[in-house]
Amino acid sequence: MEKDIKTAILKEVKAKIQLGDINHAECLLKGYLSYEHKDPEISSILAKIYEQKGELKQALKVLKDQNSNYFCVFEELVKIYIKLEKYNRLYDILKENNQRNFQDVKTKKQI
């Protein structure tokens, strides 16, 4: 059932973003995260919204407790650290994830 809720939220968020109702999409994502705190996919989507709005520190706050072993989180962190010019932190996260196989990226063998 939890996956059904997430799927419904993601579908609704996509529709709201396409309609240009970013604030409603943001509210839906924040509501889901208040229910399920450790969801890297939802967190990365919310961080993208904040990033596009220029709220980089808020985006970073959303991602700080997420596992950077998920590519969607890692990718957003890299973008934000570059925009914030936090190159030391960028170096640290690149070094931490240098040899990782990200949990949400499928390899050719898995496909």
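Note that the structure is a prediction, hence the values are computed from the model and not measured.

### Re the packing of helix 2 (residues 22-35) against helix 3 (residues 40-52)
Working step 1: Contact pair helix 2 / helix 3: the axes reach a minimum separation of 10 Å and the direction vectors enclose 145°. The hand of the helix 2/helix 3 crossing is left-handed. Between helix 2 and helix 3, the contacting residues are I22, A25, E26, L29, K30, Y32 and L33 on the first element and I42, S43, I45, L46, I49 and Y50 on the second.
Working step 2: Within the contact of helix 2 with helix 3, the residues separate by chemical class into ten nonpolar, one polar and two charged.

### Focus on the layout of surface pockets
Working step 1: Roughly 260 Å³ of internal volume is contained in the largest pocket.
Working step 2: Lining the largest pocket are 13 residues, with L33, H37, K61, V62 and D65 positioned closest to its centre.
Working step 3: Only helix 2, helix 3 and helix 4 (56-63) provide two or more residues apiece to the lining of the largest pocket.
Working step 4: Residue composition of the lining of the largest pocket, grouped by class: four nonpolar, four polar and five charged.

### Considerations on helix 4
Working step 1: Looking at helix 4, one finds that the buried residues are L56, A59, L60, V62 and L63. The arc that holds every buried residue of helix 4, seen down its axis, measures 155°, which confines them to one face. Exposed side of helix 4, more than 90 degrees from the buried face: K57 and K61 are the residues found there.

### Some details on the pattern of salt bridges
Working step 1: Using the criterion set out here, one finds nine salt bridges in the structure.
Working step 2: As a salt-bridge pair, E41 and K6 come within 3.0 Å of each other at their nearest N and O atoms. With a gap of 35 residues between them, E41 in helix 3 and K6 in helix 1 (residues 2-18) connect regions that are remote in the sequence.
Working step 3: For E41, a relative accessible area of 35% gives the class partly exposed.

Criteria and thresholds
- Residues numbered from 1 in each chain as written.
- Predicted model: local features only at pLDDT ≥ 70, side-chain atom pairs only at ≥ 80, totals over all residues.
- Heavy atoms only, no water.
- Axes fitted to C-alpha atoms, helices over the stretch in contact; angles between N-to-C directions.
- Helix = DSSP H or I, 4+ residues; strand = E, 2+ residues; numbered from the N terminus.
- Left-handed = near helix turned anticlockwise from the far one by under 90°.
- Contact = heavy atoms within 4.5 Å.
- Nonpolar A, V, L, I, M, F, W, Y, C, P; charged D, E, K, R; others polar.
- 1 Å grid on protein atoms, 1.4 Å probe; cavity = no way out; pocket = protein on both sides within 12 Å on 5 of 7 lines; lining within 4 Å.
- Points joined across faces, edges and corners; volume = space filled by probe spheres on them.
- Buried < 20%, exposed > 50% of the residue type's maximum accessible area, 1.4 Å probe, protein only.
- Arc of directions from axis to C-beta.
- Salt bridge = Lys/Arg side-chain N within 4 Å of Asp/Glu carboxyl O.

By themselves, these observations are geometric and do not establish any function.
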